[in-house]
Amino acid sequence: MDHNSKNTLPDIRQTLVLNAPIQKVWDAVATSEGIAAWFMPNNFQPIEGYEFELNAGPFGMSPCKVTEIDPPNRLSFNWGKDWTLTFELVDLDGKTEFTLIHAGWDADKVTEFGQSHATVRDRMNQGWTGLQQSLAAYVEG
């Protein structure tokens, strides 16, 4: 098998418009307290290169590393051994367009927990829809 050809699966990409100003949304997605409110407990710091952990409950602690931070428009971090999460924010006159991109899917790979990426991707795609709703409730409430 040719190890140079990656059997990639498409990124999960979900966009929604939040009825909240960009700075409020940025604080929700790029601070430890904000991320904990709608996603997972964590010890995040908004510093490029910073290593932190997400507490994935039954799945334990996931190592992460901030790879890009450009307030209040873009945050990327590595999550676990294969994934990258990116949050993109666009100011829409008092509202905010928020895009979540979950990349790093490979049909030939399994997660740390032995599940195929394809299976987990389907579940996460649905999971992110729920998390986006949690984020919306948090910033719009």
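Thresholds applied
Residues numbered from 1 in each chain as written. Predicted model: local features only at pLDDT ≥ 70, side-chain atom pairs only at ≥ 80, totals over all residues. Heavy atoms only, no water. Helix = DSSP H or I, 4+ residues; strand = E, 2+ residues; numbered from the N terminus. Buried < 20%, exposed > 50% of the residue type's maximum accessible area, 1.4 Å probe, protein only. Contact = heavy atoms within 4.5 Å. Areas by Shrake-Rupley, 256 points an atom, 1.4 Å probe, with all protein chains shown as cover. Pairing = 2+ DSSP bridges. Axes fitted to C-alpha atoms, helices over the stretch in contact; angles between N-to-C directions. Expected span 1.5 Å × (residues − 1). Parallel < 35°, antiparallel > 145°, perpendicular 65-115°, else oblique. Left-handed = near helix turned anticlockwise from the far one by under 90°. Nonpolar A, V, L, I, M, F, W, Y, C, P; charged D, E, K, R; others polar.

### Focus: the overall build of the protein chain
Link 1 in the chain: Within the protein chain, the secondary structure is distributed over 3 helices and 6 strands.
Link 2 in the chain: Considering only C-alpha atoms, the protein chain reaches an extent of 50 × 25 × 25 Å along its principal axes.
Link 3 in the chain: Here the protein chain holds 141 residues, and the buried ones make up 39% of them.
Link 4 in the chain: For the protein chain, contacts bridging at least 24 residues in sequence account for 49% of all contacts bridging at least 6.
Link 5 in the chain: Accessible surface computed for the protein chain: about 7,400 Å², of which carbon and sulfur atoms make up 50%.

### Brief notes about the sheet that holds strand β2 (residues 51-55)
Link 1 in the chain: Taken in spatial order, the 6 strands line up as β1-β6-β5-β4-β3-β2 in an open sheet, and their pairing is antiparallel. Each end of this open sheet is capped by a strand with a single partner; those strands are β1 (12-18) and β2. The average angle at which neighbouring strand axes cross in this sheet is 25°, direction not considered.
Link 2 in the chain: Here β2 runs beside strand β3 (residues 61-70); their pairing, made up of 5 bridges, is antiparallel. Counted as the bridge partner of Phe52 is Cys64 from β3.
Link 3 in the chain: Across the sheet, helix α1 (residues 22-29) lies against β1, β3, β4 (74-79), β5 (83-92) and β6 (95-103), angled at about 165° from β5, the strand it touches most.
Link 4 in the chain: Most of the contacts of helix α3 (residues 117-140) go to β1, to which it runs at about 10°, and overall it touches β1, β4, β5 and β6.

### Here's the deal with α3
Link 1 in the chain: Here α3 contains 24 residues, and its C-alpha end-to-end distance of 33 Å stays within 8% of the 34 Å for a straight helix at 1.5 Å per residue.
Link 2 in the chain: Those residues of α3 not exposed but buried are His117, Val120, Arg121, Met124, Trp128, Leu131, Gln132, Leu135, Ala136 and Val139.
Link 3 in the chain: Close packing links the buried residues of α3 with β1, α1, α2 (32-38), β4, β5 and β6.

### Here's the deal with the environment of Tyr138
Link 1 in the chain: In this structure, Tyr138 sits in helix α3.
Link 2 in the chain: Separated by 100 residues in sequence, Tyr138 and Trp38 place their C-alpha atoms 7.0 Å apart.
Link 3 in the chain: Excluding its chain neighbours within four sequence positions, the residues that come into contact with Tyr138 are Ala28, Gly34 and Ala37.

### Side note on the packing of α1 against α3
Link 1 in the chain: At a closest axis distance of 10 Å, the pairing of α1 and α3 adopts a crossing angle of 125°. Considered as vectors, α1 and α3 are oriented oblique to each other. Our pair here, α1 against α3, has a crossing hand that is right-handed. Contact residues: α1 offers Lys24, Val25, Ala28 and Val29, while α3 offers Leu135, Tyr138 and Val139.
Link 2 in the chain: Its residues placed into classes, the contact of α1 with α3 shows 6 nonpolar, no polar and 1 charged.

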